[in-house]
Amino acid sequence: MLNLGLDTWTVSFYSEVPLLNKIRRIKLQIRDFEKIGDYKYSFKASLFKRKLILDNFKDCKIIKKEGILNYLLIIVSRKSTFFGLILSFILLHNLS
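I will try to describe carefully the structure that is included in this document. From a predicted model like this one, the values you see are computed outputs, not experimental measurements.

What counts, and at which threshold
Residues numbered from 1 in each chain as written. Predicted model: local features only at pLDDT ≥ 70, side-chain atom pairs only at ≥ 80, totals over all residues. Heavy atoms only, no water. Pairing = 2+ DSSP bridges. Helix = DSSP H or I, 4+ residues; strand = E, 2+ residues; numbered from the N terminus. Axes fitted to C-alpha atoms, helices over the stretch in contact; angles between N-to-C directions. Salt bridge = Lys/Arg side-chain N within 4 Å of Asp/Glu carboxyl O. Phe/Tyr/Trp six-rings, centres within 6.5 Å; stacked < 30°, edge-to-face > 60°. Buried < 20%, exposed > 50% of the residue type's maximum accessible area, 1.4 Å probe, protein only. Parallel < 35°, antiparallel > 145°, perpendicular 65-115°, else oblique. Contact = heavy atoms within 4.5 Å. Nonpolar A, V, L, I, M, F, W, Y, C, P; charged D, E, K, R; others polar.

## Re the sheet that holds strand β3 (residues 40-46)
Next, step 1: Pairing within the open sheet is antiparallel, and its 4 strands lie in the order β2-β3-β1-β4. A single partner strand is all that each edge strand has here, and the edge strands are β2 (30-35) and β4 (60-66). Each adjacent strand pair in this sheet contributes to an overall mean axis angle of 20°, direction not counted.
Next, step 2: Here β2 pairs with β3 via 4 bridges, running antiparallel. In the strand pairing of β3, Arg31 is matched with Lys44.

So this is what it looks like as structure tokens:
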């Protein structure tokens, strides 16, 4: 499977067994699950599952975003960068 993007999440939960049961119940596929504090856990999930995670966990935060699709979303969301890239491609194409 092509990895288009992963988000690293932290979630506060009182125990890891109920947390993993909840993750299984909502059918969320995760990677790199680890305990980082007394009541804090981190894991990686697909960027397409953001809404599912935000709807099911109250105290959750995105720590890191990685992947090709995340970088493309950043470029497209910044209009000046996007138009600058298009203009540079047009100029390079006309010069060659």
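## With respect to the pattern of salt bridges
Close approach of charged atoms lets side chains of opposite charge pair.
Next, step 1: Using the criterion set out here, one finds 5 salt bridges in the structure.
Next, step 2: For Arg50, the salt bridge is made with Asp7, and the minimal N-O distance between the two is 2.5 Å. With Arg50 in helix α2 (residues 50-56) and Asp7 in strand β1 (residues 6-12), this pair connects stretches of sequence that are 43 residues apart.
Next, step 3: Close ionic contact of Glu66 with Lys44 constitutes a salt bridge, the shortest N to O distance being 3.4 Å. Taken as a pair, Glu66 in strand β4 and Lys44 in strand β3 lie far apart in primary sequence, 22 residues in all.
Next, step 4: Residues joined in a network through salt bridges with shared partners are Asp32, Lys44, Lys64 and Glu66.

## Considering the packing of aromatic side chains
Next, step 1: Counted according to the given criterion, the structure contains 2 aromatic pairs.
Next, step 2: Relative to Tyr14, the ring of Phe13 has its centre 5.4 Å away and its plane inclined at 15°; by these criteria the two rings are stacked.
Next, step 3: The exposure class assigned to Phe13 is buried, which follows from its relative accessible area of 18%.
Next, step 4: For Tyr14, a relative accessible area of 61% translates into the label exposed.

## As for the packing of helix α3 (residues 68-77) against helix α4 (residues 79-95)
Next, step 1: The geometry of α3 relative to α4 is characterised by a closest axis approach of 5 Å and an angle of 95° between their N-to-C directions. When the axis of α3 is compared with that of α4, the two are roughly perpendicular. Packed against α3, whose contacting residues are Ile75, Val76 and Ser77, the element α4 presents Lys79, Thr81, Phe82 and Leu85 at the interface.
Next, step 2: Classifying every residue of the contact of α3 with α4 by side-chain character gives 4 nonpolar, 2 polar and 1 charged.

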